[in-house]
Amino acid sequence: MPILGTVEATPSQPLYFKSLQELDAWIPGNAGNRYDGIVRYKARRSDNKSENRGKLLVCHDYKGGYTESPFARAYTFNFWSTCDTFVYFSHQRVTIPPPGWISAAHRQGVKILGTLIFEGGGEEDCLRLLVGKMPVSKTGQVDQSTSSLTLPLSPYYARVLAELARERGFDGYLLNFECPLAGGLEQTRALAAWITLLQSEILSRVGPHGETLWYDSVIFTGQLRWQDRLNSLNLPFFLSSTGLFSNYTWHRDYPALTAQYFLSLDPTLTGNALGTPSQFAPKALQDIYMGVDVWGRGSHGGGGLGCYRAISHIAPESLGLSVALFGHAWTWESEQDKPGWTWDKWWEYESKFWVGPVVGTVDVPEAPQRKDEPECLHGPFLPIASFFPLHPPPEPSVLTFHTTFCPGTGLAWFVEGVKVFQSANGWTDVDKQTSVGDLVWPRPKLLWDDDRGDEIPTALTAFCMNDAWSGGSSLRLTISCHGSEDEMAAYRPLWLPIHSVSLTLRDTYEAHAIYKLDSNSADCCDTEFALAVKPLPGSLEDFDCDITGSATTELAGGWTKLTIQFTVARSATTSSVFQTAAIGLVIAIVTEEPTQPLQLSFLLGQLNIAPYLPQSFREEDSLVLWADYNPMATTNVRPAAPLLGALSWEVATSFPRVTAVNITSPDDPLSAWNLQPTVDWFPSFLYFNVYVQPFVDDWNVGKVEKAVWIGTSGSDGQRNGFDVVPENLPFSMTGKSKIRFYIQGVTDRGKVLKWDKCAFVDVSL
């Protein structure tokens with residue numbers, strides 16, 4: 001969470017577990033509702049065109065994990081629309097993805113996995129995993145010698161790990177066994193069976209989307225021998241899990257050999273035979289993820305900007321294998337110590353890696369050639385996204401779409417266009433990350449909104465960290481128009497796609513966009529902005545978008561809000577009820593001197609899409625009902641201190657007064673009031689801003705507008721909670737007897753509650 005100060009609150013629950021013994025001390029349910037604020041997984045709409053294409057798994061290994069800080073800038077991942085599964089990786093025994101990363105992935109319809117890892121010295125825990133938690137009392141088998149038994153298999157840790165995933169809100173595990181198993185076939189047979197127990201428990205507790213992914217390491221003999229592909233030595237583990245993550249030192253022919261081997265398997269093994277019991281999940285080529293190390297450690301093509309060389313052999317579009325990209329934060333870690341390095345330079349490098357350069361070509365270092373491998377010729381650079389289809393976020397009726405184009409890091413914090421916080425060193429909070437616009441990088445694709453043939457203007461995109469409507473940033477979009485002699489050049493209507501969206505045909509939606517013209521653009525031309533929904537750039541699909549209502553509202557600080565209600569339909573007969581589209585802006589530029597070049601620059605601060613409900617269904621008024629404060633007791637980590645504690649609050653809704661009831665008899669076909677819809681109508685909140693203000697004396701406190709913002713909720717997984725650290729308060733407590741905290745909600749449609757709908761709590765010192 002962006003917060004004022006320099007001291008982080010002490011976590012109330014473990015971030016990870018270093019051993020299974022530590023995991024034994026964890027008590028399921030002991031966290032209460034601590035993690036209720038984590039966004040739960042909602043699947044994207046499946047696209048028939050990508051059913052047989054390989055998928056992308058991104059494995060995040062950044063400086064050992066758990067390094068994000070509210071007081072510094074760090075790597076954040078923002079290209080979710082290319083990604084199907086995200087793994088949060090560290091070298092702890094049980095890696096739990098941080099709450100912010102889980103919510104960020106789920107907002108984009110991406111699964112996120114933790115990691116269960118056993119490296120050198122982990123042999124004892126590998127055995128413990130199978131036999132389960134051991135008792136402290138003397139015990140044994142009745143009338144039977146244990147020497148007659150093979151290695152017993154207990155479901156204990158499968159249940160615990162699945163329950164951990166359920167409570168913390170993530171979707172399964174990457175299983176990484178990188179130490180030899182001394183029990184040989186007996187132990188590996190039990191391990192393969194244990195994986196099926198884990199997957200069964202995850203399906204039961206997490207949901208049908210849960211995953212257990214096997215990393216290519218130990219083979220069925222118990223030896224640690226990376227295979228770099230699927231073969232008979234690691235097949236039992238692949239069949240027991242939901243997929244294989246191959247090691248990344250494979251030769252160029254290994255992807256083809258892997259596909260060939262998989263297709264040679266008996267369909268009864270892969271669950272694809274007729275009559276296969278429903279308990280067996282069928283396997284596909286897409287369940288095999290060929291590893292690619294971005295650091296290039298033995299990876300074909302040399303890693304880095306050369307990762308495309310390896311992916312070209314995996315051929316996710318034609319061959320159908322999937323890609324596991326490991327260590328993508330290379331773009332940050334490999335560059336951060338170079339002279340002149342800045343966050344903006346990193347973003348340029350990062351976006352080049354994922355979606356390509358703004359202009360020109362990319363020079364890629366020559367790939368190292370192995371001694372035993374013939375020369376492999378590759379074409380010019382290709383960005384990662386070019387190998388995978390674009391995936392819109394979940395349908396807005398399933399998960400309301402909201403973005404302020406925040407990459408999860410920033411320099412300040414804004415509330416309705418007002419800067420309430422300026423950070424000295426910047427901040428990182430992945431929970432506050434929203435989509436950065438999946439159709440505007442590396443640069444927007446401008447199109448004419450009519451049929452003219454004049455040269456299309458160009459556009460550039462950049463983050464603006466020092467002016468935003470809400471959150472940490474906005475997008476600065478700059479349009480450059482050439483001078484033109486065309487007779488229609490005085491009026492130039494442009495279509496600027498911003499984001500992909502999945503819509504249900506014939507459903508009605510409401511969308512909002514908030515923008516602001518840069519001051520230096522107001523004099524060069526007249527402009528008119530409109531919000532629109534059209535086919536994706538380059539798409540051959542056509543549909544009709546019926547805009548049933550629109551409005552323009554002037555907001556404070558020069559910002560303007562555009563609103564439309566719309567329905568999408570297709571004229572052609574189709575079996576699908578969904579449509580992938582683009583939402584963006586139609587910008588009409590009017591100039592008296594069309595022969596002169598001009599440049600138009602504006603900020604885009606917010607974009608929302610949600611199901612449209614008639615006004616009669618939207619009578620409720622959201623509010624923060626109450627707030628409370630609980631001091632923190634002394635712990636083994638930190639002693640109790642004044643104003644060291646936790647804020648909590650509750651939200652509610654209220655309805656207008658029923659002023660007249662026109663029912664005169666029991667037979668009147670009328671309702672006494674407007675009813676609520678059966679959809680999920682109760683207000684949902686993205687986060688809460690927290691403010692503080694000292695009393696001027698024992699009884700009086702100043703106006704709420706004078707309160708100081710001290711942070712936002714959410715990054716630790718709490719729905720309605722905020723941990724107060726006294727060192728972070730913006731004033732000395734000397735001579736003060738009472739302070740007031742304010743809780744201000746921000747709804748999932750981006751609406752900031754007015755102060756009369758917010759709550760406060762007074763705390764005496």
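Residues numbered from 1 in each chain as written. Predicted model: local features only at pLDDT ≥ 70, side-chain atom pairs only at ≥ 80, totals over all residues. Heavy atoms only, no water.

**Q** Account for the overall build of the protein, with residues named and values stated.
**A** The secondary structure content of the protein amounts to 11 helices and 30 strands. Relative to a compact globule of 765 residues, whose C-alpha radius of gyration would be 27 Å, the protein shows 28 Å and is just as compact. Each of the 765 residues in the protein was classed as buried or not, and the buried ones make up 54%. Of the roughly 33,900 Å² that the protein leaves accessible, carbon and sulfur atoms contribute 51%. Of the side chains in the protein, 58 bear a positive and 83 a negative charge, and the two mean positions are spaced by 5 Å. (Helix = DSSP H or I, 4+ residues; strand = E, 2+ residues; numbered from the N terminus. Rg over C-alpha atoms; globule rule 2.2 N^0.38 Å. Buried < 20%, exposed > 50% of the residue type's maximum accessible area, 1.4 Å probe, protein only. Areas by Shrake-Rupley, 256 points an atom, 1.4 Å probe, with all protein chains shown as cover. Lys, Arg positive; Asp, Glu negative; His and termini not counted. Charge placed at Lys NZ, Arg CZ, Asp CG, Glu CD.)

**Q** Which residues make up helix α7 (residues 254-264), and what values do they have?
**A** Among the residues making up α7, those that are buried are Pro255, Thr258, Ala259, Tyr261 and Phe262. Down the axis of α7, the buried set is contained in an arc of 165°. They therefore lie on one face. Residues Gln260, Leu263 and Ser264 are exposed on α7 and point more than 90 degrees away from its buried face. The elements touched by buried residues of α7 are α6 (235-240), α8 (267-270), β9 (288-293) and α9 (307-314). (Arc of directions from axis to C-beta. Contact = heavy atoms within 4.5 Å.)

**Q** Give me the packing of aromatic side chains: which residues, what numbers.
**A** Here the structure, examined in full by the defined rule, presents 47 aromatic pairs. An angle of 75° between the planes, with centres 5.4 Å apart, marks the rings of Tyr75 and Trp346 as edge-to-face. One end of the pair, Tyr75, is in the loop between β2 (56-60) and β3 (85-88); the other, Trp346, is in helix α11 (residues 343-355), with 271 residues separating them in the sequence. Judged by its relative accessible area of 0%, Tyr75 is buried. Seen from their ring centres, Trp330 and Phe353 are 6.3 Å apart, and the 50° between their planes marks the pair as tilted. Separated by 23 residues along the polypeptide, Trp330 in helix α10 (residues 330-333) and Phe353 in helix α11 bring together distant segments of the chain. Note on Trp330: relative accessible area 13%, which makes it buried. Note that Lys283 overlies the ring of Phe238, its terminal NZ or CZ placed 5.6 Å from the centroid. In this arrangement the basic side chain of Arg452 is found over the ring face of Trp448, its NZ or CZ atom lying 4.9 Å from the centre. (Phe/Tyr/Trp six-rings, centres within 6.5 Å; stacked < 30°, edge-to-face > 60°. Lys NZ or Arg CZ within 6 Å of the ring centre and 35° of its normal.)

**Q** Explain the pattern of salt bridges to me, using residue names and the numbers behind them.
**A** Scanning the model with the defined rule gives 23 salt bridges in all. Here Lys534 ties to Asp449 by a salt bridge, and the two come within 3.1 Å at their closest N and O atoms. Here Lys534, found in strand β19 (residues 526-534), pairs with Asp449, found in the loop between β14 (447-448) and β15 (458-464); they are 85 residues apart in sequence, far enough to count as distant. On the basis of relative accessible area, Lys534 is assigned to the partly exposed category, the value being 24%. (Salt bridge = Lys/Arg side-chain N within 4 Å of Asp/Glu carboxyl O.)

**Q** Could you give an account of the state of the cysteines, with specific residues and numbers?
**A** Scanning the model with the defined rule gives 0 disulfides in all. Of the cysteine sulfurs around Cys59, a residue in no disulfide, the closest is that of Cys83, at 11 Å. The class of Cys59 is buried, set by a relative accessible area of 1%. (Disulfide = S-S within 2.5 Å.)

**Q** Give me the sheet that holds strand β25 (residues 645-654): which residues, what numbers.
**A** In spatial order, the strands read β24-β25-β28; together these 3 strands make up an open sheet with antiparallel pairing. Of all strands in the sheet, those with a lone pairing partner are β24 (621-631) and β28 (721-724), marking the two edges. Pairs of neighbouring strands in the sheet enclose a mean axial angle of 25°, with direction left out of account. Pairing of β25 with β28, which is carried by 4 bridges, proceeds in the antiparallel orientation. Directly across from Leu647, in β28, lies its bridge partner Phe722. (Pairing = 2+ DSSP bridges. Axes fitted to C-alpha atoms, helices over the stretch in contact; angles between N-to-C directions.)

**Q** Any chance you could break down the environment of Asp698 for me, citing the residues and the numbers?
**A** Relative to the helices and strands, Asp698 is located in the loop between β26 (685-694) and β27 (708-712). Of the polar contacts made by the side chain of Asp698, one reaches the side chain of Ser737; its length is 3.1 Å. (Polar contact = N/O pair within 3.5 Å; in protein donor to acceptor, adjacent residues only side chain to side chain.)

**Q** Describe empty space enclosed by the protein, naming the residues involved and giving the relevant values.
**A** Summed over the entire model, instances satisfying the criterion amount to 2 cavities of 30 Å³ or more. Lining the largest cavity are 13 residues, and of these Asp431, Lys432, Thr434, Leu686 and Tyr687 lie nearest its centre. Grouping the constituent residues of the lining of the largest cavity by class yields 4 nonpolar, 6 polar and 3 charged. Roughly 60 Å³ of internal volume is contained in the second largest cavity. Its residues placed into classes, the lining of the second largest cavity shows 5 nonpolar, 1 polar and 3 charged. (1 Å grid on protein atoms, 1.4 Å probe; cavity = no way out; pocket = protein on both sides within 12 Å on 5 of 7 lines; lining within 4 Å. Points joined across faces, edges and corners; volume = space filled by probe spheres on them. Nonpolar A, V, L, I, M, F, W, Y, C, P; charged D, E, K, R; others polar.)

**Q** Please provide a residue-by-residue account of unusual backbone geometry, values included.
**A** Following Trp441, the chain continues into Pro442 via a peptide bond in cis, with omega recorded as 0°. Locating Pro442 in the fold gives a position in the loop between β13 (418-428) and β14. At Tyr66, a residue that is not glycine, the phi angle is positive and equals roughly 60°. Structurally, Tyr66 is set in the loop between β2 and β3. If you check the backbone angles, Phe405 has positive phi at about 60° while not being a glycine. If you trace the backbone, Phe405 turns up in the loop between β11 (401-403) and β12 (409-415).

**Q** An account of the packing of helix α4 (residues 156-168) against helix α5 (residues 184-205) is needed here, citing residue identities and associated values.
**A** It is the contact of α4 with α5, at a shortest axis distance of 8 Å, that shows an interaxial angle of 35°. Here α4 runs over α5; the crossing is right-handed. Facing Tyr157, Ala158, Arg159, Leu161, Ala162, Glu163 and Arg166 of α4, the residues of α5 in contact are Trp194, Leu197, Leu198, Glu201, Ile202 and Arg205. When grouped by side-chain class, the residues that make up the contact of α4 with α5 number 8 nonpolar, no polar and 5 charged. (Left-handed = near helix turned anticlockwise from the far one by under 90°.)

**Q** Outline the nonpolar core, listing residues and values.
**A** General note: in soluble globular proteins, nonpolar side chains tend to be found buried as a group. Grouped together as the largest cluster of nonpolar side chains are 139 residues, with contacts concentrated most on Leu23, Phe77, Leu129, Tyr173, Trp194, Trp354 and Ile479. In this structure, Trp354 is in contact with Leu56, Val58, Tyr75, Phe77, Phe79, Thr82, Leu325, His328, Pro383, Ile384 and Ala385, ignoring residues within four places of it in sequence. If you look at the next biggest cluster of nonpolar residues, it comprises 40 residues, including Phe685, Ile710, Phe722 and Val761. (Core = buried A, V, L, I, M, F, W, Y, C linked by side-chain atoms within 4.5 Å.)

**Q** Can you tell me about helix α2 (residues 99-107), naming the residues and giving the values?
**A** Counted residue by residue, α2 has 9 buried out of 9 residues, so it is predominantly covered. All of the buried residues in α2 are Pro99, Gly100, Trp101, Ile102, Ser103, Ala104, Ala105, His106 and Arg107. The inward-facing, buried residues of α2 contact β2, β3, β5 (111-118) and α4. One or two residues past the end of α2 sits Gly109, with phi positive at roughly 75°.

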